[in-house]
Amino acid sequence: LDLLGPDPGLAGPAHFVVGASAMSLGKYAESLRHAEIVAELVDPAVTLSVGTRADVHNLAFAAHAHWLVGHDREALAAVREGVARARAGGGPFNLAVALAYASVTHQMRHDLPALREAVGELRELCDRYGFAYYREWGLILDGWSRPDEAGIALTRRGIDNLRDQNAFARMPYWLSLLADLLARNGQPAAARASLDAALTAGRAHDDLWWLPEVMRMRAAYDTEPDAALARLQAAADLAAGQGSVALLRRCQDDLARRGVRPPASGVQPAG
């Protein structure tokens, strides 16, 4: 941002980059502030260096931050608007991007019908046009939506493909989905190992936005009750510090099930 100078054409993409980085660091409110600036500055003709339309990609990214801070309606509105804009003239790649981010939003909300619809179209587009990277998102999310071993295989393939591409963004999130699948299929040791790998990946790459959820899930495998409670409280503290209403609620629910009444955090839905 400091290097922008007088060129107004670079302001929108620059704010998008800063907002996206803030999201990865768990700075959701800051991310949304930059997303609002991008929405004011860019028009559909502006393309980011990664080949996507700035307005479409900005809406797709903002949906995740909205959901995390407790803006469920705004998250869904951003998803729908991003997909609609991509359909109206963004071409197949922008539509794939919009659908990929929409699929993550639907997964976080545990809306299986919406997830399956979005991920089905995403996978069809990626197969038709040979899109990499977002194809892997489709494999992982499609796998998570399935109840059996076939889902595990799909999810593992997507994660392995991302690693082969040196694409480590969101790896804690992807590994937590694999852990959830493994647990549902009676493989607790493998689930625990996947969560440990998720924690390591998040810390190694400063990919912090999903770590409260990873910590919450990992607490279920602590054999000592005190250790589990300490991990859950640490997850709640991290979620509160990041301003994540959605992930804090999950931590508080787990603490309550263990007979612990968590202290009031003071975190409220942003806006």
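Model, not experiment: these values are computed from the prediction.

### Regarding the pattern of salt bridges
Consideration 1: In the structure shown here, the tally under the stated rule is 19 salt bridges.
Consideration 2: Residue Asp180 is joined to Arg184 by a salt bridge in which the shortest nitrogen-to-oxygen separation is 3.4 Å. With Asp180 and Arg184 both in helix α9 (residues 171–184) and four residues apart, this pair spans about one turn of that helix.
Consideration 3: On the accessibility criterion, Asp180 (25% relative accessible area) is partly exposed.
Consideration 4: Among the charged side chains, a network of salt bridges with common partners joins Glu213, Arg216, Arg250, Asp254 and Arg257.

### Thoughts on the environment of Ala193
Consideration 1: With respect to the helices and strands, Ala193 occurs in helix α10 (residues 188–204).
Consideration 2: Take Ala193: its relative accessible area is 44%, and that puts it in the partly exposed class.
Consideration 3: Distance in space between the C-alpha atoms of Ala193 and Arg218 is 9.3 Å, their sequence separation being 25 residues.

### Describing the packing of helix α6 (residues 112–129) against helix α7 (residues 134–144)
Consideration 1: In the contact formed by α6 and α7, the axes pass within 9 Å of each other and the chain directions differ by 145°. Seen from above, α6 lies across α7 with left-handed handedness. Residues Leu112, Leu115, Val119, Leu122, Arg123 and Cys126 of α6 pack against Tyr134, Arg135, Gly138, Leu139, Leu141, Asp142 and Trp144 of α7.

### As for the packing of aromatic side chains
Consideration 1: Scanning the entire structure with this criterion turns up 15 aromatic pairs.
Consideration 2: Relative to Trp174, the ring of Tyr173 has its centre 5.0 Å away and its plane inclined at 55°; by these criteria the two rings are tilted.
Consideration 3: Residue class for Tyr173 comes out buried when judged on its relative accessible area of 0%.

### Digging into the environment of Ala239
Consideration 1: Checked against the element boundaries, Ala239 lands in helix α12 (residues 225–242).
Consideration 2: Other than its neighbours up to four places away in sequence, Ala239 contacts Pro212, Ser244, Leu247 and Leu248.

What counts, and where the lines are drawn
Residues numbered from 1 in each chain as written. Predicted model: local features only at pLDDT ≥ 70, side-chain atom pairs only at ≥ 80, totals over all residues. Heavy atoms only, no water. Salt bridge = Lys/Arg side-chain N within 4 Å of Asp/Glu carboxyl O. Helix = DSSP H or I, 4+ residues; strand = E, 2+ residues; numbered from the N terminus. Buried < 20%, exposed > 50% of the residue type's maximum accessible area, 1.4 Å probe, protein only. Axes fitted to C-alpha atoms, helices over the stretch in contact; angles between N-to-C directions. Left-handed = near helix turned anticlockwise from the far one by under 90°. Contact = heavy atoms within 4.5 Å. Phe/Tyr/Trp six-rings, centres within 6.5 Å; stacked < 30°, edge-to-face > 60°.

From the geometry alone we can't say anything about function, so treat these as descriptive.
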